Amino acid sequence: MGTALAGAWLTAGHPLTVWNRTAARADALAARGAAVAATAAEAVAANRLVVVCLLDDASVEEALAGLDLTGKDLVNLVTGTPEQARARAAWAERRGARYLDGGIMAVPPMIGVPAAGPYVFYSGSSELFEEHRTVLASPAATRYVGEDAGYAALHDVALLSAMYGMFAGVAHAFALVRGEAVAPGDLAPLLGSWLTAMSGSVARTAEQLESGDYTEGVVSNLAMQVAGKATLLRTAEEQGVSAELLEPYFRLMERRLAVGSGEEDLTGVVDLLRR
């Protein structure tokens with residue numbers, strides 16, 4: 001990802017100094033005109049805007065420990081938790097730097113390709129964001145989500161969590177037909193279009209959470225869906241497929257039915273997840 005970001009900045013004509021813990025990985029960028037720093041300290045000293053894209057928060061700590069960050073604008077694009085981002089923001093402030101945290105909603109091939117739809121969530125110093133907005137937008141579109149440094153990571157992880165939930169459902173669907181004369185390639189477009197159609201429920205869930213009325217705009221109520229889960233579980237059993245990806249959600253549905261109304265949507269499970 002770091003190489004993809006650096007490449008996009010070079011393509012956009014921005015002067016760039018790079019440092020990589022594995023020196024050879026910077027060779028391709030050097031061939032394109034990037035200056036290569038021998039150390040992290042040298043890279044940080046080269047410019048006021050410092051962008052970090054490493055493995056994790058511990059890697060950031062290791063790379064920047066003891067370096068002079070006075071007057072620097074530090075943008076951290078490492079995937080981490082909201083609390084890690086807030087702690088890193090305080091850490092940077094104590095060292096005299098402005099701080100911006102980022103959550104990249106893209107994979108490396110999407111970087112620098114606007115048509116692919118890449119974007120980065122940013123949170124933290126609004127002044128830093130506004131000053132460097134044009135530069136930050138070169139690799140991917142920008143979405144500033146607030147002064148709270150943890151909000152970029154929060155949005156990032158929220159979207160990734162939903163993605164993995166979808167992946168779980170897709171895996172279960174393919175497992176169901178795996179032993180049958182149903183080609184995965186034939187199921188794929190049907191599955192993709194169905195998930196797209198069902199994505200409309202996201203907006204309805206948000207509206208219900210904001211209004212507090214979980215019966216608003218219900219199409220298939222909770223009682224009906226709890227009753228219908230038996231068919232899904234029996235089909236899995238008949239097909240010799242584990243239901244372990246579905247059962248936790250079904251248990252939440254049953255718990256919500258026990259304390260809520262059968263006329264509700266599935267939105268009430270959100271409240272059950274809150275500790």
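Placed above this text is the structure.
Quick caveat, the model's predicted, so the values are computed rather than measured.

## Here we look at the pattern of salt bridges
- One pass over the structure, following the stated rule, counts 13 salt bridges.
- With its nearest N and O atoms 2.9 Å apart, the salt bridge here joins arginine 204 to aspartate 265. Of this pair, arginine 204 sits in helix H10 (residues 201-211) while aspartate 265 sits in the loop between helix H12 (247-259) and helix H13 (269-273); the two residues are 61 residues apart in sequence, bridging distant segments of the chain.
- Classification of arginine 204 as partly exposed rests on a relative accessible area of 24%.

## Points about the sheet that holds strand S5 (residues 98-105)
- Pairing within the open sheet is mixed, and its 5 strands lie in the order S3-S4-S5-S6-S7. The open sheet has two edge strands, strand S3 (49-52) and strand S7 (141-144), and neither has a second partner. The sheet shows a mean angle of 25° between the axes of neighbouring strands, taken without regard to direction.
- Both strand S4 (residues 73-76) and S5 contribute to a ladder of 4 bridges, which runs parallel. Bridge pairing links leucine 74 to tyrosine 99 in S5.
- Across the sheet, helix H8 (residues 151-177) touches S5 and strand S6 (119-124), and the angle it forms with S5 is around 10°.

## Things to note about the packing of aromatic side chains
- Evaluated as defined, the whole model comprises 4 aromatic pairs.
- Residues tyrosine 122 and phenylalanine 129 carry aromatic rings whose centres are separated by 5.8 Å and whose planes lie at 45° to one another, so their mutual orientation is tilted. You'll find tyrosine 122 and phenylalanine 129 in the same group, each marked buried.
- Members of the aromatic cluster, each reached through a chain of ring pairs, are Tyr122, Phe129 and Tyr144.
- The ring of tryptophan 91 carries the charged tip of arginine 88 above its face, separated from the ring centre by 4.6 Å.
- For the cation-ring pair, arginine 143 lies above tyrosine 119, with the distance from its terminal atom to the ring centre recorded as 3.9 Å.

What counts and what doesn't
- Residues numbered from 1 in each chain as written.
- Predicted model: local features only at pLDDT ≥ 70, side-chain atom pairs only at ≥ 80, totals over all residues.
- Heavy atoms only, no water.
- Salt bridge = Lys/Arg side-chain N within 4 Å of Asp/Glu carboxyl O.
- Helix = DSSP H or I, 4+ residues; strand = E, 2+ residues; numbered from the N terminus.
- Buried < 20%, exposed > 50% of the residue type's maximum accessible area, 1.4 Å probe, protein only.
- Pairing = 2+ DSSP bridges.
- Axes fitted to C-alpha atoms, helices over the stretch in contact; angles between N-to-C directions.
- Contact = heavy atoms within 4.5 Å.
- Phe/Tyr/Trp six-rings, centres within 6.5 Å; stacked < 30°, edge-to-face > 60°.
- Lys NZ or Arg CZ within 6 Å of the ring centre and 35° of its normal.

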